[in-house]
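# A structural walkthrough
What follows is the residue order along each chain.
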Amino acid sequence: MKNSILQKYNVPGPRYTSYPTVPYWDESDFTYQNWIDTLKRSFAESNTEEGLSLYIHLPFCESMCTFCGCNKRITKNHDVEHPYIEAILKEWAIYCNILEEKPIIKEIHLGGGTPTFFSTKNLEDLINGIFCYAEKAKDHEFSFEGHPNNTTRAHLQKLYDLGFRRVSFGVQDYSEKVQKAINRYQPFHNVAKVTFWAKEIGYTSIGHDIIFGLPFQEIDDVIDTIEKTNSLQPDRLAFYSYAHVPWIKGNGQRGFNDEDIPKDEVKRMLYEVGKDLLFENEYYEIGMDHFALKTDTLYESFEQKKLHRNFMGYSSSKTQLMIGLGVSSISDSWYSFAQNVKELEEYYKLLKADKLPIFRGHLLTPEDLIIRRHILNLMCHFETSWKDKTQYFDEVPEILIQLKEMEKDGLVLIEKNGIKVTNAGKPFVRNICMAFDLRLKRKAPDTKLFSMTI
């Protein structure tokens, strides 16, 4: 990759788990009733056909990983588990009372924090409690994030018995120097153990999360990590760019200095070397930062153009409605977004008062819905089209001028009624999406909001 191209496009930019992105939500037009109205509308339109997705945020961790930008609560006190599960089930009961009819759940994802911080008994109570009010879709897909150091065989067996078939393990990097910098001590044999357990039990999709661009990380570290990963043959991989956002409140990104982080062409070389190794081992690129074997459902959905992306990341199937439960979770009715309060104490207080713990949101405009579709197409399929006149909008000619510069740089192909991202352009898909981001264009941020795109 030419350094000039890299420098040209290595700018701060969103990761587009939503459009509009959270910093560009118009909270002035959002009301609690907006959320309830769009929730009911989306539920009526999609529950029977698609079902809905549940994201459940389990925020507790026993130690702070200093690369992490997630909402978490650090504690070794496991007495916090039961009250939190009770609160989640209270929140879910409020939702089910609003929806009136029984929800059909297609997807559940347990994210964190560290979901395997919780005991098998409390996780069982959580899932059984959810299905006191709901039923499983026939083709449901339940997944969870597991920490290799504290995921037990009992965790894996219990969640399997409850219908979970997909698990992702956070690996990050196997270098001891890198692990020390990010406070994530995790030997290879721990990852191997939980991976083999999951295979023996019968999980059909096992994922590993790897990060490039971590402090002190070198090419040999990436090679070693991917070679070790390949020896375990996970079904899918997330090969993420480290997002350095130390200005975010509550962020754990400390324990190293800015100069310890690989930048620009050095960081990109880490990715290119890692990607080439993944290709050699028959992992295929799926969307942004994701790779899968041909036997994994993520690959199949990508090939069939059914891949979807939301606040849970990439999914092999789409649901119009996604409800987020737990502190800081974000819900998506397709027509609006709503985010829960971020502080645990306030979360408990609002639920005690029988209120959904929402503190902000965004009501999508007709323009938002069109732009959202184009950005989803680019992030999931590496192409988009406005051949359907309902997907055309007035700013298309202006966007095409910007895209012609990207076409000259070999990143996109401009067609009569749409664009396609080239292989060379895939690492720049965030930049290509930014060309469509009308809210970002109309009001450039005057403070640090996003990590670098490359």
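Under an unreviewed UniProt entry, the name given to the chain is Coproporphyrinogen-III oxidase, and the organism recorded is Flavobacterium alvei. What UniProt states about the chain under its Catalytic activity (unreviewed entry) heading is, verbatim, "coproporphyrinogen III + 2 S-adenosyl-L-methionine = protoporphyrinogen IX + 2 5'-deoxyadenosine + 2 L-methionine + 2 CO2". Under the UniProt heading Sequence similarities (unreviewed entry), the note attached to the chain is "Belongs to the anaerobic coproporphyrinogen-III oxidase family."

### Some details on helix α12 (residues 366-381)
Between its first and last C-alpha atoms α12 spans 22 Å; for 16 residues at 1.5 Å apiece the expected length is 22 Å, and the two agree. Most of α12 sits out of view: 12 of its 16 residues are buried. Positive backbone phi, approximately 60 degrees, marks phenylalanine 382, located one or two places after α12.

### Observations concerning the packing of helix α3 (residues 81-99) against helix α11 (residues 344-352)
Where α3 meets α11, the closest approach of the two axes is 10 Å, and the angle between their N-to-C directions is 45 degrees. As the angle between them shows, α3 and α11 are arranged oblique. Note on packing geometry: the crossing formed by α3 with α11 is left-handed. Contacts between α3 and α11 involve Pro83, Tyr84, Ala87, Ile88, Lys90, Glu91 and Ile94 from the former and Leu344, Tyr347, Tyr348, Leu351 and Lys352 from the latter. Of the residues assigned to the contact of α3 with α11, the class counts are nine nonpolar, no polar and three charged.

### Re the pairing of strand β4 (residues 104-112)
Regular strands have side chains that alternate between both faces of the sheet. Most of β4 is tucked away, with nine of its nine residues classed as buried. Judged from the seven bridges that link them, strand β1 (residues 52-58) and β4 form a sheet pairing that is parallel. Each residue of the ladder has a partner; that of leucine 54, found in β4, is isoleucine 108. Two strands pair when backbone bridges link them, and β4 and strand β5 (residues 135-146) are joined in this way by six bridges, in the parallel orientation. Each bridged residue has a counterpart across the sheet, and for isoleucine 108 the counterpart in β5 is phenylalanine 142. Between the parallel pair β4 and β5, the chain is carried across by helix α4 (residues 120-130), and the sense of this crossover is right-handed.

### Some thoughts on the pattern of salt bridges
Evaluation of the coordinates by the stated rule reveals 23 salt bridges. The partner of arginine 166 in a salt bridge is glutamate 141, with the nearest N and O atoms 3.5 Å apart. Note that arginine 166 is positioned in strand β6 (residues 164-172) and glutamate 141 in strand β5, a separation of 25 residues in sequence. For the pair shown, arginine 166 and glutamate 141 are each scored as buried. Between glutamate 405 and lysine 408 there is a salt bridge, with its nearest N and O atoms 3.6 Å apart. With glutamate 405 and lysine 408 both in helix α13 (residues 396-408) and three residues apart, the pair spans about one turn of that helix. Among the residues examined, glutamate 405 registers a relative accessible area of 33% and is labelled partly exposed.

### What about the nonpolar core?
Core analysis: the biggest nonpolar cluster contains 56 residues, and Trp92 and Leu110 have the highest contact counts within it. Ranked by residue count, the leading element in this core is α3, at 11 residues. Filtering out sequence-adjacent residues up to four positions away, tryptophan 92 remains in contact with Leu52, Leu54, Pro103, Ile105, Gly129, Ile130, Tyr133, Ala134, Ile323 and Leu325. Judged by nonpolar contacts, the second largest core, of 45 residues, contains Tyr9, Ile286, Ala292 and Leu403.

### Digging into the domain arrangement of the chain
When the parts of a complex come together, some accessible area is lost, and that lost area is often used as the size of the interface. Splitting the chain by domain gives domain 1 (1-20 + 366-453) and domain 2 (21-325). Facing 32 residues of domain 1, the contacting portion of domain 2 comprises 33 residues. At the surface where domain 1 touches domain 2, the tally comes to one salt bridge. When the shortest N-O distance is used, the salt bridge between lysine 305 and glutamate 383 registers 3.4 Å. Seen at the junction of domain 1 and domain 2, the total is seven residue pairs in polar contact (both at pLDDT 80 or more). For the side of domain 1 that touches domain 2, the elements supplying multiple residues, two or more each, are α1 (3-9), α12, α14 (429-434) and α15 (438-442). Here the side of domain 1 that touches domain 2 gets five residues from one element, more than from any other, and that element is α12. Residue composition of the side of domain 1 that touches domain 2, grouped by class: 17 nonpolar, seven polar and eight charged.

Calculation rules
Residues numbered from 1 in each chain as written. Predicted model: local features only at pLDDT ≥ 70, side-chain atom pairs only at ≥ 80, totals over all residues. Heavy atoms only, no water. UniProt positions renumbered as here; feature names shortened; annotations may be inferred. Helix = DSSP H or I, 4+ residues; strand = E, 2+ residues; numbered from the N terminus. Expected span 1.5 Å × (residues − 1). Buried < 20%, exposed > 50% of the residue type's maximum accessible area, 1.4 Å probe, protein only. Axes fitted to C-alpha atoms, helices over the stretch in contact; angles between N-to-C directions. Parallel < 35°, antiparallel > 145°, perpendicular 65-115°, else oblique. Left-handed = near helix turned anticlockwise from the far one by under 90°. Contact = heavy atoms within 4.5 Å. Nonpolar A, V, L, I, M, F, W, Y, C, P; charged D, E, K, R; others polar. Pairing = 2+ DSSP bridges. Right-handed = clockwise from strand over helix to strand, strands pointing away. Salt bridge = Lys/Arg side-chain N within 4 Å of Asp/Glu carboxyl O. Core = buried A, V, L, I, M, F, W, Y, C linked by side-chain atoms within 4.5 Å. Domains from an automatic or database assignment. Polar contact = N/O pair within 3.5 Å; in protein donor to acceptor, adjacent residues only side chain to side chain.

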